[in-house]
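Residues per chain, in single letters:
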Amino acid sequence: MVDGYNREIDYMRISITDRCNLRCIYCMPNGVSWVPMADILTMEEICQIAAVGAALGIRHIKVTGGEPLVRKGCCDLVRMLKGISGIEKVTITTNGVLLNQYFKLLLEAGIDGINISLDSREKETYKRLTGTDGLALVMEGLRAAAASSVCVKVNAVSLDLGYDNCQRMLELAREYPVDVRFIEMMPIGCGKQFLSVSHEKLISRIIQDYPGMAEDYRVHGSGPAVYYQIPGFQGSIGFISAIHGKFCQSCNRVRLTAQGFLKTCLCYEDGVDLRNILRGDGSEEEKRRRLEETMKEAVLKKPKAHCFENPEKMTEQNNMIAIGG
Ligand code: SAM
Ligand code: SF4
């Protein structure tokens, strides 16, 4: 699919639940009310949309949430998505708490990559950020994944937790064959209350401690991270700077919420309700055609760029957990 600015859209992030077993302070507010299960797409409905997406040129699917591994049948869904003609890669992003438990099933389902979200290796800091004591479980999952042939990335939001915290995080790439990426905080929902550390300053500080660090131009996936290599490290260090290094001109993605709303940009509420089509009248063939037309139209109207640098212009009011990060 090509959008109105000639960008090839071949990547769909699919949120399969708005539930989560953590309470990250920048993502999930207290007292959040869950969407009734009847309003959430079934696994079969998700696959119907993915199949239409694949026919239109979607090649990579990222399964997300909420926490995708809390939804029963997540690993079966990965297998079903992998079986869709045209889909080349199915990856998942998880907080890692249930990863060790489901890792074998994910592997058997054919998962192509695992992103583990982890902001701190300090027990107390982890607890303060997530509201739980799950760090040891995340590390178990990380070790299991890193010992396999699956591509593993650790994503840390660039919260101002001190340089020592960043350093301990990046050292994961020395200890394990995983890429560690720092991701600028976006002013979405509760994220508005938190500032990111400057990646420019962080990179200069890291270079002081690791003078051999050099830019790594190898392709690491389809995302917008800028990577560095440090001698002696097994993985690379990446920086995703959505605000200070705006990369909208090469944006390749759309997002499907757990309720079946296709969002074309994180920053705006623009998009189309695909669930209505799936659950509406008409034969399977008519619905497939309607889905195809609606998705193409939505992609053509995909906004040119986000406006995170001017949050007052944003129209998206939901938290990341509701959108599907
Ligand atoms: N629960 C899964 C996880 O944590 O990976 C998947 C969903 S979570 C919303 C996906 C990613 O979004 C996580 O890496 C999280 O840190 C990130 N995230 C949440 N709110 C954010 C914000 N305001 N800005 C940047 N990243 C955010
Ligand atoms: Fe849950 Fe992921 Fe949001 Fe944390 S970032 S609350 S793990 S959905």
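Residues numbered from 1 in each chain as written. Chains lettered and ligands numbered in written order. Predicted model: local features only at pLDDT ≥ 70, side-chain atom pairs only at ≥ 80, totals over all residues. Heavy atoms only, no water.

A.B. asks: It is not clear to me how the pattern of salt bridges should be interpreted in this structure. Could you clarify?
C.D. replies: Oppositely charged side chains may form a pair once their charged atoms are brought near each other. Following the criterion strictly, the structure yields 16 salt bridges and no others. The closest approach of N and O atoms between arginine 7 and aspartate 3, which form a salt bridge, is 2.6 Å. On the accessibility criterion, aspartate 3 (3% relative accessible area) is buried. For arginine 174, the salt bridge is made with glutamate 171, and the minimal N-O distance between the two is 2.7 Å. Judged by its relative accessible area of 37%, arginine 174 is partly exposed. When salt bridges with common partners are traced through the structure, they connect Glu285, Arg288, Arg289 and Glu292 into a single cluster. (Salt bridge = Lys/Arg side-chain N within 4 Å of Asp/Glu carboxyl O. Buried < 20%, exposed > 50% of the residue type's maximum accessible area, 1.4 Å probe, protein only.)

A.B. asks: Please clarify how the side chain of threonine 130 should be interpreted in this entry.
C.D. replies: Within the secondary structure layout, threonine 130 lies in helix α4 (residues 123-130). Threonine 130 sits in the buried class, given a relative accessible area of 5%. Reaching out from threonine 130, the side chain makes a polar contact with the backbone oxygen of tyrosine 126 at a distance of 2.8 Å. Of the polar contacts made by the side chain of threonine 130, one reaches the backbone nitrogen of threonine 132; its length is 3.2 Å. (Helix = DSSP H or I, 4+ residues; strand = E, 2+ residues; numbered from the N terminus. Polar contact = N/O pair within 3.5 Å; in protein donor to acceptor, adjacent residues only side chain to side chain.)

A.B. asks: Would you mind going over the pairing of strand β5 (residues 151-157) with me for this structure?
C.D. replies: It is a general feature of regular strands that their side chains alternate between the two faces of the sheet. Counted residue by residue, β5 has 6 buried out of 7 residues, so it is predominantly covered. As paired elements, β5 and strand β6 (residues 179-183) share 5 bridges and run parallel to each other. Along β6, the bridge assignment pairs lysine 153 with aspartate 179. (Pairing = 2+ DSSP bridges.)

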